[in-house]
Structure formats: C-alpha cells, structure tokens
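# Observations on the three-dimensional arrangement
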Amino acid sequence: MSEKATIYEIMATAICRELRDDETWFLGLATGEETILLLSCVPLVAMAMAQDTHAPNSTIMIPGMFNPVVSEAPTAMEAEFGDRIRDWRCEMYSTMNPNLHEATHTRGEVDLGFSSVAQVDQYGNCNIVCIGDYHKPEVRLIGPIHQPGHLAFFGREIVVIDHEKRNFVERVDFISGVGFLDGPGSREQLGLPGGGPCMILTNKAVFDFHPETKLVRLKSIHPGVTLDEVRDNTGFTHDYIPDQVPETPPPSSDEIQIIRQQVDPRSALLPR
Amino acid sequence: MLNNGDLTQGLSVMAELKEKVCSLGEAAALIPDGARIAIGGFAMHNHPMAFVHELIRRRVRNLTTVGHVNGIELDLLVGAGCVKRVETSYVGLEEFGLAPAFRRASENGELELREYSEMVAFGRFMCSSRGESFFPSIELMGTDLPKHNPDIREGVNPLDGSKYHAIPAAEPEWVVLHAPMGDRYGNILYFGNRQMPLNLDLVLSRCTTNLIVTVEQLVSREHVYRLSEYNAIPRFRTHAIVEVPYGAHPSSCLQLYEHDKQHLRMYADAARGTEGLQEYLARYIYGVDTHMEYLDLVGVESLVGLRVVGGNL
C-alpha cells in the first residue's frame, strides 16, 4: 500500500517522534472544532502510535481517563469528561478527587503536555487570554485555564496550532503560559520547575528552540509546503530560518498502516 | 463517661426535623444583589441551569461569580446583565467555541475580571473548604495573571526565601449545585464512579453551609438510609433543596443525561450578536414563567434523546 500521508498523519508522526518510553503525557480541554482536531485528535493519535511502537510503558492522561484504548474512541474528543466515554475502555477512570489530579501536575509527574494558542512569541510564551490590551481587548478569548500549569510544571510542552501569520508574534499580548520569557535563564530565575516548550507544530512546519538563545527557530517544513509559504504565513520578526531547513520526515508506509489500522481504524479522530 | 446531668433540659422540648425543600423562586430569592456566588458544574456538565434562569428572571444584579471552568451558565448571567465581577480560569463552550456574551462584555470593558489558572482556581475552593484564607503557589510566576489580578500578591517563603504567590481562598457566600437526587432534609446523593466535575462540586459544597442544591428528583429518607454510601453531601450543609427535573439542561447531568449539543450550538450562533442573545433570553428565559414551560419549549423528543441513564456507572 503506498497511500500518501495526510497532513494530520504527518503532524501526528512529528509528535510521535518527540515522545519517549516511560513518560506520562497529558492532554486537556480544547475550544472550537478546528482546535479539537489539532489539539485533541492529532496528539491522541500520536500518543497511541507511540504506545503501539517505541513507548509501550508510557501513560496517556486525558480528562477522565488514564490510558484509553484510543482505537475505540467513539468520536472526536468534543467535551472533557461526559458519559459517552463509558463506551471507551481505559485502564483507569480518573474519578479522582481534584487535588490528586492537581498533585500529579504540581509534583512534576507529567513529562509532556499539549497546548493550543492564539499567539506564541519568539521565546515560546503563550497566550490564550486576549488579543490587545487586557482591559479593553480587541478579542477576548477563553481565559488561561490550565496553560499556566502546563508551562510551569510539565517536563516539556508541544504547542499545536494552525499556521496563520497572526499566531506568531514578537511578544504575546498576554502571557498565560511562560515559555522562556525574556530568554536564557528566565525560567530558572522564576523558579519554574518545568522544562517549557520544546516544539511548535503547525499544519505547515515544525519549530523548536535554539538551545542557547532560547529563540524559536524553524526546524522542518512539511512535505509539499514551500519555504516561501512558511515565511509568508509566519509573523516572527527575528531571524528564525536557519541556512538548512529539512523536510519533516513523513510517516513510513508502516507507520501509516499503524495509524489507519491500529490506532484510528474507524477514522473517528483524523479525517482521511 | 457520659454526663447524664443535664439531659432533661434538651429532652423537654420536641423539635421537628427541618425540611429544606423550596421552590426555584424561593431558592433564587436567597441570592441578593451583589452576592458572591459559586455556581457548580464544569464546562459542559452539571450546571444548575434552571436556577440560573430563575436568577435572570428575577433580574438579580452586580453578582460576583467565583468559579473554575465556566460555560453557558456564566455566559447567560453575563449576557443578561446580572454580573459585575468574574473570577475564573475559563469561560467557553468547548466544541461550540468562545462564550459569546462573556466575550462581548469583556471586549466592552464591562466586567471586573480576576483571572486565575484552572488548578489555582480549584485550589481556591480547596483552600476555602479547609477554612484557610490563602495558599502559596508558584504556578503563575512569569505569567501576566498576577499583573492584572490585584488579589494575587507576591510573598517570600519564610523557610527558604523563595518567592511565591499568595492566592486568596474562593470564599463564596453562596454555592449552588445541581445533583441527581436528595431528600427533603438536604442529604444529596450522587451515583458511584463520579468523575472529576462532580468531585469538584463536592469541594464547592464544603466551602459554605449557604448551599443550595437543585436535584433531578427528591427521594425519601428511607431511600437515603438504603443508599447511604452514595450520600455525598450531609444535610447540615444544605440550606435549600429544590426538585428540578432536567434542571441542568442544556448542560449535562452526568450519569443521567448528556449536554444538548443542538441547543448549545443554537445558543452559540444566536448569542454572537446582541440581538440574537436578547431573542434567546426573551424566548427561553423571560418568556417562560416556570422551568416546566422551558422544558416544553425544548421539547420532549430533545430531552428524551439526551438520556444516558446509568452512564459511566
């Protein structure tokens, strides 16, 4: 079978390669249908794919469940919790007391999480609160919800967003998730135990962070996307394009098989 | 050793076991203008919506809502002009997008906002439930939340000199929840295998004894004795209890019915404009006198279609 990978499969594969064995991963609530696809469905497929390949000892934590059987996902994860998930088997329902849930996070037991943003800046600071002045914003968004916790405590964070120019700014209008704030040393100075963002994944490209300057840089461009297309749709003002930008490695035909036959056999999560 | 000395005085007066059942109108009338109120539920689940509708019909004003993850219950209250100040981590409609009325009011600068993160917002209620006035957190270090929330203060840990934020307890004056069942005396029963949204409601229930609970069905005292392991809120906490079938619609009542996606989508579309929001309020809230009339408007077919009786048990 030599079917071409879809953009969502390419994105899931890019995440899958960032995931390691023996880790715990956390995925929270998403708002808006497009965000649900990018922030819930793509990471779920990636995590299940990793569990089915190189990371069987990892733990998927989603609202209400530990290690759900992702292949049995009834539909896209439209709402946190809810009774429909009773049809979705898992190793453990997190019927827990909220402070147990909280403890897992503040104790630093989550190795990696996922965020969506309305804006992300050159140091990976994230904003889901408002566009414009906080007291009279042009656009009021959902509020910080769990983003401060993700970026304060998790080992690392993957930001998953639609590739639109306005999403990438020099400085976010409101910091709801701390990236590297003002650059090297900022997180340490704040006393934040988590590692901060490690990747910005879009439907066009992958970004990571320069290990010394902590500035966002373009890491790879997805198959079929040109550098000009990325440049035209990225609002960063700093020099984020290295001399050589490779193509994002697409899933192998084996990996495509794993996604389509094992992980998401009914295409409940990713459109094909 | 028991002291048998003064028992006669207590025994000489026979008191009644207090019934706490009241109507939706009587319960809503307990909330004065300017009250500080925590409305239970989480995102799409278990909001006491019939109670919220009644508050709106009573045109209560200047509320401060203290919450964690808010949805349509807060959007409606804001849209109807009942709210002065909002303390929360999220106001949104999940798959149906941003909360339209909250968004508009915020963009017009009409609300006092006190922004917290989700876990810190949970923590504020746990703090209140322990009777403490604040707790320390490093979660918000470096974010803009403390900059725009004057209730959060920076402090120094006296043990090691590190910095933290002092987070004030939630301290609601009133808490209102929606639950599956309860008795006339205020015992509140949930099914087993509760998910986190319901456990959060229980944390809220421990923050005050000014607790109002709407329930799907009143059950007998015998029922409570028989199912005492499901009794999650002891009656001394409950100030008033109201029987309101489908009282969480269009949010869910977990383990009984799901949130009404069709209705929520209709609301999200309608409320995007001021006029649409006013039409929604006029039709579903101001235009009906009772919760039963509201349910008539929603329709039997829609309501029955939402049932998941025994879900996730």
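Residues numbered from 1 in each chain as written. Chains lettered and ligands numbered in written order. Predicted model: local features only at pLDDT ≥ 70, side-chain atom pairs only at ≥ 80, totals over all residues.

### Structural notes on the overall build of chain B
Assigned secondary structure in chain B consists of 13 helices and 14 strands. Over its C-alpha trace chain B gives a radius of gyration of 21 Å, about what one expects of a compact globule, namely 20 Å for 313 residues. Principal-axis analysis of the C-alpha atoms gives chain B an extent of 65 × 60 × 35 Å. Across the 313 residues in chain B, those meeting the buried criterion constitute 51%. Looking at chain B alone, contacts between residues at least 24 apart form 75% of all its contacts between residues at least 6 apart. (Helix = DSSP H or I, 4+ residues; strand = E, 2+ residues; numbered from the N terminus. Rg over C-alpha atoms; globule rule 2.2 N^0.38 Å. Buried ≥ 20, exposed ≤ 12 C-beta atoms within 10 Å, placed from the backbone. Contact = placed C-beta atoms within 7 Å.)

### Focus on the overall build of chain A
Along the backbone of chain A there are seven helices and 14 strands. At 18 Å, chain A has a C-alpha radius of gyration in line with the 19 Å of a compact globule built from 272 residues. When its C-alpha atoms are laid out on the principal axes, chain A stretches across 50 × 45 × 35 Å. Counting over 272 residues, chain A shows a buried share of 50%. Once local pairs closer than 6 in sequence are excluded, the contacts in chain A between residues at least 24 apart make up 73%.

### Here we look at helix 1 (residues 7–16) of chain A
Residues and elements named next belong to chain A. When you tally the buried positions in helix 1, you get nine out of ten residues, the bulk of the element. Along helix 1, the residues classified as buried are Tyr-8, Glu-9, Ile-10, Met-11, Ala-12, Thr-13, Ala-14, Ile-15 and Cys-16. If you follow the buried residues of helix 1, they end up packed against helix 2 (33–52), strand 10 (156–160), strand 12 (197–201), strand 13 (205–209) and helix 7 (253–263).

### A closer look at the interface of chain A and chain B
Where interface size is quoted, it is often the accessible area lost as the parts come together. Facing the 47 residues of chain A at the interface are 51 residues of chain B. Contributing elements (two or more residues each) for the side of chain A that touches chain B: helix 2, helix 3 (98–106) and helix 4 (147–153) of chain A. With five residues, the top contributor of residues to the side of chain A that touches chain B is helix 3 of chain A. Of the residues in the side of chain A that touches chain B, the class split is 22 nonpolar, 16 polar and nine charged. (Nonpolar A, V, L, I, M, F, W, Y, C, P; charged D, E, K, R; others polar.)

### Section: the nonpolar core
Within the largest apolar cluster, 174 residues are counted, with the highest numbers of intra-cluster contacts made by Val42(A), Val45(A) and Leu77(B). Among the elements that line this core, the one with the most residues is helix 2 of chain A, at 13 residues. Dropping the residues within four chain positions of it, Val45(A) is found in contact with Ala12(A), Ile259(A), Val263(A), Asp264(A), Leu269(A) and Leu270(A). (Core = buried A, V, L, I, M, F, W, Y, C linked by C-beta atoms within 7 Å.)

### Considering the packing of helix 6 (residues 118–129) of chain B against helix 8 (residues 196–205) of chain B
Residues and elements named next belong to chain B. Packing of helix 6 against helix 8 leaves a shortest axis separation of 8 Å and a crossing angle of 40 degrees. Judged by the inter-axis angle, helix 6 sits oblique to helix 8. Between helix 6 and helix 8 the crossing geometry is left-handed. Listed contacts from helix 8 to Phe-122, Phe-125, Met-126 and Ser-129 of helix 6 are Leu-200, Val-203 and Leu-204. (Axes fitted to C-alpha atoms, helices over the stretch in contact; angles between N-to-C directions. Parallel < 35°, antiparallel > 145°, perpendicular 65-115°, else oblique. Left-handed = near helix turned anticlockwise from the far one by under 90°.)

### Comments concerning the confidence of the model for chain B
Taken residue by residue, chain B gives an average pLDDT of 95. The fraction at 70 or more is 96%. Note on the complex model: pTM 0.93, ipTM 0.91. (pLDDT = per-residue confidence, 0-100.)

### A closer look at the sheet that holds strand 2 (residues 59–62) of chain A
All names here are of chain A. With mixed pairing, nine strands are arranged side by side in an open sheet as 4-3-2-1-5-10-12-13-14. Edge strands, defined here as strands with exactly one partner in the open sheet, are strand 4 (90–93) and strand 14 (216–221). On average, each strand axis in the sheet is tilted by 25 degrees relative to the strand beside it, whichever way the strands run. As judged from the three bridges shared by strand 3 (residues 65–68) and strand 4, these two strands associate in the antiparallel manner. (Pairing = 2+ DSSP bridges.)

### Some details on the sheet that holds strand 7 (residues 134–137) of chain B
Residues and elements named next belong to chain B. The strand order across the open sheet formed by three strands is 7-9-8, and the pairing between neighbours is antiparallel. Only two strands of the sheet have a single partner each, and these edge strands are strand 7 and strand 8 (153–156). Adjacent strand axes in the sheet meet at a mean angle of 40 degrees when their direction is disregarded. The pairing of strand 7 with strand 9 (residues 163–168) spans four bridges and is classified as antiparallel. Across the sheet, residue Pro-136 finds its bridge partner in strand 9, namely Ala-166. Contacts between helix 6 and the sheet are confined to strand 7 and strand 9, with strand 7 contributing the most and set at about 145 degrees to the helix.

### Examining the environment of Leu145(B)
Position of Leu145(B) among the secondary structure elements: in helix 7 (residues 145–148). The spacing of Leu145(B) and Ser117(B) is 28 residues in sequence and 8.3 Å in space, taken between C-alpha atoms.

### Some details on the environment of Asp183(B)
Residue and element names in this part refer to chain B. By the element assignment, Asp-183 lies in the loop between strand 10 (174–182) and strand 11 (188–189). Classification of Asp-183 by C-beta neighbours within 10 Å gives buried; the count is 24. Between the C-alpha atoms of Asp-183 and Leu-218, which are 35 residues apart in sequence, the distance is 5.3 Å.

### Description of the pairing of strand 13 of chain A
Residue and element names in this part refer to chain A. Within strand 13, four of the five residues are buried, which leaves it mostly tucked inside the rest of the structure. Bridging between strand 12 and strand 13 involves two bridges; their strand directions are antiparallel. By the bridge assignment for strand 13, Ile-200 is matched with Phe-207. Between the antiparallel neighbours strand 12 and strand 13 lie three residues. Looking at chain direction, strand 13 and strand 14 are connected through five bridges and run antiparallel. Its bridge partner lying in strand 14, Ala-205 is registered against Ile-221. The turn linking strand 13 back onto strand 14 is made up of six residues, and Lys-214 within it adopts a positive phi angle of 65 degrees.

### A closer look at unusual backbone geometry
Residue Pro250(B) is reached from His249(B) by a cis peptide bond, and omega for that bond is 10 degrees. Its location among the elements puts Pro250(B) in the loop between strand 14 (238–243) and helix 10 (261–270). Positive phi, normally seen in glycine, also occurs at Asn67(A), with a value near 45 degrees. Tracing the chain through its elements places Asn67(A) in strand 3. Judged by the 17 C-beta atoms lying within 10 Å of it, Asn67(A) falls in the partly exposed class. Backbone geometry at Asn46(B) places phi at a positive 55 degrees, although glycine is not the residue there. Inspection of the secondary structure puts Asn46(B) in the loop between strand 1 (36–39) and helix 3 (49–57). By the C-beta count within 10 Å, which is 30 here, Asn46(B) ends up buried.

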